[in-house]
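Structural overview
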Amino acid sequence: MSNRTFKTILFLVGLLFLNIEAAKAGLLNRFKYFIHSEFNNEQLAFLSIGFVLLAGLLYVMFAPVAIGNQKSIWLDYSPKAHKGGTYQSKRDQVKRISLVLNNKMPD
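Remember, it's a predicted structure, so these values are computed and weren't measured experimentally. (Residues numbered from 1 in each chain as written. Predicted model: local features only at pLDDT ≥ 70, side-chain atom pairs only at ≥ 80, totals over all residues. Heavy atoms only, no water.)

1. Quick word on a nonpolar patch on the surface
To keep it simple, the criterion reads: Here, patches come from residues exposed beyond 30% relative accessible area and free of salt bridges, joined within 9 Å for like charges and within 5 Å for nonpolar side chains (Val, Leu, Ile, Met, Phe, Trp, Tyr). The method behind every accessible area is Shrake-Rupley, applied with a 1.4 Å probe, and residues are considered shielded solely by the protein chains displayed. Any carboxyl oxygen of Asp or Glu within 4 Å of a side-chain nitrogen of Lys or Arg constitutes a salt bridge here. Helix and strand assignments follow DSSP, with helices taken as H or I runs no shorter than four residues and strands as E runs no shorter than two, numbered in order from the N terminus. The cut-offs for exposure are 20% and 50% of the maximum accessible area for each residue type, with area from a 1.4 Å probe on protein chains only; residues under the lower value are buried, those over the upper are exposed, and the others partly exposed.
A surface patch of nonpolar side chains, about 560 Å² in accessible area, is lined by Leu47, Phe51, Leu54, Leu57, Leu58 and Phe62. By the element assignment, leucine 57 lies in helix H3 (residues 41-62). The exposure class of leucine 57 is partly exposed, given its relative accessible area of 47%.

2. What about the confidence of the model for the protein chain?
Spelled out, the test is: Values of pLDDT, which run from 0 to 100, indicate the predictor's confidence residue by residue.
Taken over all residues, the pLDDT of the protein chain has a mean of 79, while the share at 70 or more is 76%. Element-level pLDDT for the protein chain is lowest in strand S2 (residues 70-73), with a mean of 59, against a maximum mean of 92 in H3.

3. So, helix H4 (residues 87-101)
Heads up, the condition is: Here the expected span of a helix is defined as 1.5 Å times the quantity of residues minus one. What the arc measures is the spread of directions leading from the helix axis to the C-beta atoms.
For H4, built from 15 residues, the straight-helix expectation of 21 Å at 1.5 Å per residue is met to within 8% by its first-to-last C-alpha distance of 21 Å. For H4, the set of buried residues is Ser89, Gln93 and Leu99. The buried residues of H4 occupy an angular sector of 125° when projected down its axis, which confines them to one face. Exposed and facing more than 90 degrees away from the buried side of H4 are Tyr87, Val94, Lys95 and Leu101. Once H4 ends, the next one or two residues include asparagine 103, with phi positive near 60°.

Here it is as C-alpha cells:
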C-alpha cells in the first residue's frame, strides 16, 4: 500500500470519528439550523452549485499534470523558471519539450 493511500485512509477515518463526535454533541443539528435560517432553499442550491463549480475550476487549474515522466503543476512550467541562464540549459529545455511533443521519453 502506498504512502498516499495510507494517508488518505487515515484522513477518512479521522473525518469519520470527527463526524461521530459532532453528531453526539448535536453540532450537526445546530449547523443545519444555522444554514436554513440564513439561506432559503433556492439560495442554498445556487451556493452549492457555485462551490462545486469553483472546486472543479480550482482542481483543473492546480492538479498535477504528467509532463514526460514527471508530474508537475502546469503553472510552474514556464520558460522563465528554467535552471540557469546558459545557452546549453536552454537547448536542453527545448530538446526535452520537443521529445515530449513527439511522445518520446526524454533521457
